[in-house]
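What follows is the residue order along each chain.
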Amino acid sequence: MDRDQFDIDTFNRRRITECMTHRDLPELSPLDIDEDRNEKPWQKILNQIIKNRSQTITSVPSIVILVVVGFYLSLGYLTQLVEDDMPRVINEKDVQDNVMFSEESAKVYLRKVLGDQPRVAGMEYHYEKTKDLKLLVDAIAKEATIPVKTDWQFVSGDYFLEFKIPHVNCYRNLSNIIALLEGESGFYENGTISTSLLVNCHYDSVPFAIGASDNGVFCAVMLETLSKLSKRKQKLKHNVIFLFNGAEENPLQGSHGFLKHLWAQGVTNVVNLDAAGMNGKPAVFQVSDPRLISVYQRVVPKPNAQGFGEFLFRTGVIPSDTDFRIWRDFGDIHGLDIAFVKWGNVYHTRNDRPELILDGVIQNAGNMLLNLVRELADIEELENKITPTQVVYFDYLNLFLMTYTTCVAQILDILVGLCALFTVVYYLWIVGCRLSSVLDLLSSALGRVVSAATGVLVVVLLVLVMAITTKQLRYLSKPWLVVPLYWIPFFIVSFLASVNYESTSRKCGLNRSLHTLQAMTSTRLLLGVLLIILSLFPSLTSVRYVISVPLFLMSLGAMVSMTVVKYCRLKAWQHLILEIILSVPSTMFIISLCLRLDSIMLPTAGRMPTKYPDYIVGGLNLMLAVLFSTVVSGLELLFSRRRLWLPILLLCSVCLLCMFLPTSVYEDEGLATQRHYWFHSEIITYDRNGSAINYKSGVLITKQDAYTLTTVLPALQQADITVHNVTDFTSDCERYLYCNLPLYRPRNDVLFLYTDPPARFEPEPSLTASRSCNENTCTLSCIMSGPQHNTLTFLPLYGVNLTKWSFSSPLEVTGEFLNRNIYVITEATCTYSKILPKMEFTLTFNVTKEQETEPLVEISHHAHKIHHPDEFTEEYRKLVNVMPKYFNIASTLSIRSNYIF
């Protein structure tokens, strides 16, 4: 043995003695231990003692887990504060040179637009507020320094709406209020206009809701924006059309009517404004022209846009629609769709009231719209329409917006994936690129998958148990419950699974710091490979940023942490703090995304007619929790396992308490109401001779959430009211179209309370038809009379084909019933009139000679009065009044008449 070897052996033996006598051990670099070298027995003992002492001395006490959980919860709260931050309210006296938006002035407009009643298209109050709105734009035009032209459009028409239930959407005498701010592009001699930007809101509301946010706020913001822009000294390059459409809730009729206006011919782009909630920053959630989102990116101080929302909207996960569909499909007009989406519980309920709008919300929306319109109308790029193009867009905590094309997204996502893989290579260079290191890394990656899968499996089981044993939808009134119900259980289980896996898997000889880095590196390896694979699917291009952005930030942080660990000897607590600090940018991005998705999906679950909405909400939050866990995966290895049961027990206790402690779903005085749609109905079936052969009357209640149909009967029993009821419509569904109910969609999940019929309609609903036949063709000339809102369904008999009708829409089939084609027409008279005109139409059929004298078609006429509380019968009013306060009942008076002609 040479002298150098003797000295090393002597030194190491002394170190063993020091360890055995519990003296302070000089801390070794993580790289001092190499399991692949040939070790003598005493060297193995030394390494094991060092490893044991390292675990004792450098691990973080397990109780600190509660501090870390508290930190990330506080970070979530901070992110929520950032999301809800609003600008200072500007009063009219503070406005300088008419270039600043004033919330004070906008609120004056808001009060005048809203009034104190719902503005339902076709109702008298809607007509009164239409006149008031015309006076408002005329007053702005009178004070303008730039020419402003106004118009009250009356228009009728129809079109085929590709909705969930495709049908012809027919409107008559529809009102739109239009103001045109003249730009340099100006007018043509024939009355049409040159290049113009369209800004659209709707001033009508759903029945039994004031509609402050949907969509009064944006109408007020548009009026204030028009007022400010009309007082400029210089014209903008393009005209700006401010459309206040009067029938969006019908649905989507006012926008289609505007396309018949002369001014519509010059529109090149649109900024569509709507609401599916209240408060917060309005979100860009549909983009079809990348030029507009680029301008939005440049001029909006606090951008709020997530392409993931567009993905959910386009795939039908969010059950709603906007006028953006009409601009895109019928006008070839493209641009931005912007809406309020927070506080979704108030959407289409009595709580959509102006007093609930928070200070600064209108100011923020106004700053956004004024800057956007001013810039868009003043750039030459928008002179021509372009082919609609999909883009990727997202903001980071309302600080800045990123937007790029799908081609760029493809490149960026692959580069981010490669960047993550580069951090894997860097890690292997630090620990020594040996086969054992690679195998250990792959083993750690397997551990990440096993841990996450275990967490998901356990939470899925918990969701199943909770859905059966507890109340669903509790997050409607307490949205924070998703954290103890779904998030924390996932982290507890995956934490324990990870610790157990790492303690029983192959020992790598690394200390805690490198062991943690190994776990985090394996996570980036999995995400990098996943991102590259997802890059092969173009349909996911617009949503891959959900992975690529956190992964990029994680990769940058990993380069820093791995370098620090390599060159500095960190204690476990120091390493923990370093990793937590480096995780903040990516975790705040994910938390922001989670807050926005939950603000949409939690209220949406309250209007899903499904038995188990918690499955959807739980699944969504599980996916979000898994995404969040990728950022902090590995931190659990820095904690000591001594007394680990204590913080785990405390967290489990909190979760179990939240899971199984009885809490209310709805609030009598709060925002979380239970949505109800009641149809006080009379249903009559006539034979060929016009004689009534079947009759029933009562109240039809449709299922809107998991508990709609189970809360009505107990309320009646508590009020000592006995009503014969039925929920099984099997026989009617087999014989009659749409189960002989006043609906135009198949519904088996309904409750029918047998009562007296609604009060008589004036005018009395009726449908008459005269027949003329010639050479295998028969034409029915029909005349329909009824209230402002009607639905017609046509069901030709076997062997009879409907080949033509008088509606301008193409003849399109809605569906099938008993192997027969169904055709559906919805009709609305959208401007109030004391005398409602009758509707005349013709249907042409192809028939055989024998069929010319036989019945041709079954027609159902559904006559609806959708907002007539003054016409409720005493019996019906009593039923409504005994219901719980948390019921939000929208009542429709209906008469369904079934004819055969």
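Trainee: An account of the sheet that holds strand β20 (residues 839-846) is requested, with residue identities and associated values reported.
Mentor: With respect to topology, four strands assemble into an open sheet ordered β14-β15-β20-β17, the strand pairing being antiparallel. The outermost strands of the open sheet, each flanked by one partner alone, are β14 (766-773) and β17 (801-805). The mean inter-strand angle of the sheet, taken between neighbouring strand axes irrespective of direction, is 30°. Where strand β15 (residues 777-785) and β20 come together, eight bridges link them in antiparallel fashion.

Trainee: Quick one: what's the story with the packing of helix α13 (residues 435-469) against helix α15 (residues 512-534), residue by residue and with numbers?
Mentor: Close contact between α13 and α15 brings their axes to 8 Å; oriented N to C, the two are set at 75°. In this view, α13 runs roughly perpendicular relative to α15, as classed from their interaxial angle. The residues of α15 that touch α13, namely those facing D440, L441, L442, S444, A445, R448 and V449, are Q518, A519, T521, S522, T523, L525 and L526. Class assignment for the residues of the contact of α13 with α15 results in seven nonpolar, five polar and two charged.

Trainee: Summarise the packing of helix α8 (residues 290-299) against helix α11 (residues 361-376); cite the residues concerned and give the values.
Mentor: In contact at an axis separation of 9 Å, α8 and α11 are set at 125° when each is read in the N-to-C sense. Taken as axis vectors, α8 and α11 run oblique relative to one another. Viewed along their axes, α8 and α11 form a crossing whose handedness is right-handed. Judged by residue contacts, L292, V295, Y296, R298 and V299 of α8 engage M368, N371, L372, E375 and L376 from α11. Of the residues assigned to the contact of α8 with α11, the class counts are seven nonpolar, one polar and two charged.

Trainee: How would you summarise the packing of aromatic side chains if you had to cite specific residues and measurements?
Mentor: Where two aromatic rings form a pair, the distance of their centres and the angle of their planes describe that pair. Taken as a whole and judged by the stated rule, the model has 34 aromatic pairs. Relative to F628, the ring of Y72 lies with its centre 5.7 Å away and its plane at 90°, an arrangement referred to as edge-to-face. Placement of the pair is Y72 in helix α3 (residues 64-84) and F628 in helix α18 (residues 613-632), with a sequence separation of 556 residues. Relative accessible area serves as the criterion here: at 11%, Y72 is assigned to the buried category. For F628, a relative accessible area of 7% puts it in the buried group. Measuring from ring centre to ring centre gives 4.8 Å for Y612 and Y615, while their planes differ by 20°; the resulting arrangement is stacked. Here the aromatic cluster, defined as three or more aromatic residues joined through ring pairs, consists of F71, Y72, W487, F490, F491 and F628. Positioned above the aromatic ring of Y798, the side-chain terminus of R820 is 5.3 Å from the ring centre.

Trainee: Before we move on, could you go through the confidence of the model for the protein chain and cite the residues and values that matter?
Mentor: Considering every residue of the protein chain, the mean pLDDT works out to 90; 93% of them sit at 70 or more. Below pLDDT 50 for its whole length, residues 1-37 participates in 52 contacts with residues either more than four positions away or in separate chains. Considering only residues more than four positions removed or in separate chains, one finds that residues 49-57, a stretch of pLDDT under 50, has 15 contacts.

Trainee: If you had to explain helix α9 (residues 307-314) to someone new, which residues and values would you point to?
Mentor: Of all eight residues making up α9, six are buried, and the element is well covered by its neighbours. Inspection of α9 places G307, F308, G309, E310, L312 and F313 among the buried residues, and these make up the whole buried set.

Trainee: Break down a nonpolar patch on the surface for me, with residues and values.
Mentor: A surface patch of nonpolar side chains, about 480 Å² in accessible area, is lined by V408, I411, L412, I414, L415 and L418. Structurally, the position occupied by I414 is in helix α12 (residues 406-431). By relative accessible area, I414 is classed as partly exposed at 31%.

Trainee: Would you mind going over unusual backbone geometry in detail, with residue names and values included?
Mentor: In this chain, D214 is followed by N215 through a cis amide linkage whose omega measures 10°. When you line up the elements, N215 lands in helix α6 (residues 212-229). Looking along the chain, the bond that leaves N250 and enters P251 is cis, with omega of 15°. Assignment of secondary structure puts P251 in the loop between β4 (239-245) and α7 (254-258). In this structure, N173 is a non-glycine residue whose phi angle is positive, near 55°. When you line up the elements, N173 lands in strand β2 (residues 167-181). Here N173 falls in the partly exposed class, since its relative accessible area comes to 30%. Here the phi dihedral of D332 falls at roughly 50°; this positive angle occurs in a residue that is not glycine. With respect to the helices and strands, D332 occurs in the loop between α10 (324-330) and β7 (334-340).

Trainee: Can you lay out the state of the cysteines for me, pointing to particular residues and giving the numbers?
Mentor: Taken as a whole and assessed by the stated rule, the structure comprises three disulfides. Here C733 is linked by a disulfide to C739, with a sulfur-sulfur distance of 1.9 Å. Measuring handedness by torsion sign, the sulfur bridge of C733 and C739 sits at about 105° and is right-handed. Note that C773 is cross-linked by a disulfide to C778, the S-S spacing being 2.0 Å. Torsion about the S-S bond of the C773 and C778 cystine: about 110°, corresponding to right-handed handedness.

Trainee: Which residues make up helix α20 (residues 708-718), and what values do they have?
Mentor: Among all positions in α20, only T708, T711, V712, A715 and L716 are buried. An end-on view of α20 places all buried positions within 130° of arc, on one side of the element. Residues of α20 that are exposed and point over 90 degrees away from its buried face: Q717 and Q718. Looking at the packing, one finds that the buried side of α20 touches β10 (674-686), β11 (692-702), β13 (750-754), α22 (874-881) and β22 (887-900).

Conventions adopted
- Residues numbered from 1 in each chain as written.
- Predicted model: local features only at pLDDT ≥ 70, side-chain atom pairs only at ≥ 80, totals over all residues.
- Heavy atoms only, no water.
- Pairing = 2+ DSSP bridges.
- Helix = DSSP H or I, 4+ residues; strand = E, 2+ residues; numbered from the N terminus.
- Axes fitted to C-alpha atoms, helices over the stretch in contact; angles between N-to-C directions.
- Parallel < 35°, antiparallel > 145°, perpendicular 65-115°, else oblique.
- Contact = heavy atoms within 4.5 Å.
- Nonpolar A, V, L, I, M, F, W, Y, C, P; charged D, E, K, R; others polar.
- Left-handed = near helix turned anticlockwise from the far one by under 90°.
- Phe/Tyr/Trp six-rings, centres within 6.5 Å; stacked < 30°, edge-to-face > 60°.
- Buried < 20%, exposed > 50% of the residue type's maximum accessible area, 1.4 Å probe, protein only.
- Lys NZ or Arg CZ within 6 Å of the ring centre and 35° of its normal.
- pLDDT = per-residue confidence, 0-100.
- Patch = residues over 30% accessible without salt bridge, like charges linked within 9 Å, V, L, I, M, F, W, Y side chains within 5 Å.
- Areas by Shrake-Rupley, 256 points an atom, 1.4 Å probe, with all protein chains shown as cover.
- Salt bridge = Lys/Arg side-chain N within 4 Å of Asp/Glu carboxyl O.
- Disulfide = S-S within 2.5 Å.
- Arc of directions from axis to C-beta.

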